[in-house]
Amino acid sequence: MPLEFGVCTNFLETPDTDPVGMCRIPVIAEAGFQYVELPLCHVAALSDGEFERLADVIRSSGLHSPAACNLFPDQMPLLGGQANPGEISAYLEHALCRASRLGIRKVVFASVSAWTAYGSCQDRRAEIVELVRGTVAPAFQKYQIRLLLEGLRRQVCLLSLDGCTVPVALIHTNTKT
């Protein structure tokens, strides 16, 4: 497979009315990039009409979208007493259905705020593993999308998920502790 270059639209400055970065996609294509990485939490929040427009913009630009970042919106509690497994499952069904329709095959689990909202990930390791095994991974398996856990600090990378039978890949960062 040849090396491709893409742009994560989550890091582009876009109007508040365009958190996905849809307005930047034609410019990304014109600049010679081959793909866009979209923030899935914002893709999931689009109306049906906006989503169809996004799909058309990507298709007409000649780009593809093999990966997405920011699986969960910051305001969705994932751990502890405020977490609602039914709400999380419904959200995943909606978001991953859209991801699949766009051709997304890999999704990064969370953004910085999604990890740090729960304090030390080392202390919450069992809860995080249970969330991934029990709720997140089955949804990913259904759509044959690979789940990526982004290691922001060495303690997050220690979520080895040993013995986990779900398709989970760990991304190691070069962050030093």
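Before reading on, note that the structure itself is shown above.
One numbering rule holds for all chains: residues counted from 1, following each sequence as written. With pLDDT at 70 or above as the cut-off, local features in this predicted model cover only qualifying residues; side-chain atom pairs require 80 or more to be listed or tallied, and sums for whole chains, interfaces and linings still use all residues. Values reported for side chains reflect all heavy atoms of the structure, with hydrogen atoms and water molecules removed beforehand.

### Some words on unusual backbone geometry
Moving on, step 1. Positive phi, close to 50 degrees, is recorded for Asn 70, a residue that is not glycine.
Moving on, step 2. At Gln 144, a position not held by glycine, the phi torsion is positive, near 55 degrees.
Moving on, step 3. Per the convention used, a helix needs a DSSP run of H or I reaching at least four residues, while a strand needs a run of E reaching at least two, with both numbered from the N terminus. Locating Gln 144 in the fold gives a position in the loop between helix 6 (125-143) and strand 5 (146-150).

### Section: helix 3 (residues 48-61)
Moving on, step 1. The span expected for a helix works out to 1.5 Å for each residue beyond the first. Counted at 1.5 Å a residue, the expected span for helix 3 with its 14 residues is 20 Å, and the 20 Å between its end C-alpha atoms agrees.
Moving on, step 2. Looking at the buried positions of helix 3, the neighbouring elements they touch are helix 1 (25-30), strand 2 (35-39), helix 2 (40-45) and helix 4 (85-102).
Moving on, step 3. The positive-phi residue at the C-terminal boundary of helix 3 is Gly 62, with phi of around 85 degrees. By the convention used here, residues are in contact when the closest approach between their heavy atoms is within 4.5 Å.

### Some remarks on a nonpolar patch on the surface
Moving on, step 1. Nonpolar side chains collect at one region of the surface, where Leu 3, Phe 5 and Phe 33 lie side by side and expose about 340 Å² of accessible area between them.
Moving on, step 2. Here Phe 5 shows up in the segment before strand 1 (6-8). Residues with no salt bridge and a relative accessible area higher than 30% make up the patches, which join like charges within 9 Å and nonpolar side chains (Val, Leu, Ile, Met, Phe, Trp, Tyr) within 5 Å. Calculation of accessible area relied on Shrake-Rupley with a 1.4 Å probe; when residues are assessed, cover is drawn exclusively from the protein chains displayed. Think of a salt bridge as a Lys or Arg side-chain nitrogen and an Asp or Glu carboxyl oxygen that are within 4 Å of each other.

### A closer look at the pattern of salt bridges
Moving on, step 1. With the rule as written, the count across this model stands at four salt bridges.
Moving on, step 2. Notably, a salt bridge pairs Asp 48 with Arg 98, separated by 2.9 Å at the nearest N-O pair. With Asp 48 in helix 3 and Arg 98 in helix 4, this pair connects stretches of sequence that are 50 residues apart.
Moving on, step 3. Look at Asp 48 and you get exposed, because its relative accessible area is 58%.
Moving on, step 4. Think of it in three bands: with a 1.4 Å probe and only protein chains considered, a residue is buried below 20% of the maximum accessible area for its type, exposed above 50%, and partly exposed in between. Arg 98 gets classed as buried once you look at its relative accessible area, which sits at 5%.
Moving on, step 5. Put simply, Arg 101 and Glu 52 hold a salt bridge, and the shortest N to O gap is 2.8 Å. Taken together, the residues Arg 101 in helix 4 and Glu 52 in helix 3 connect sequence positions 49 residues apart.

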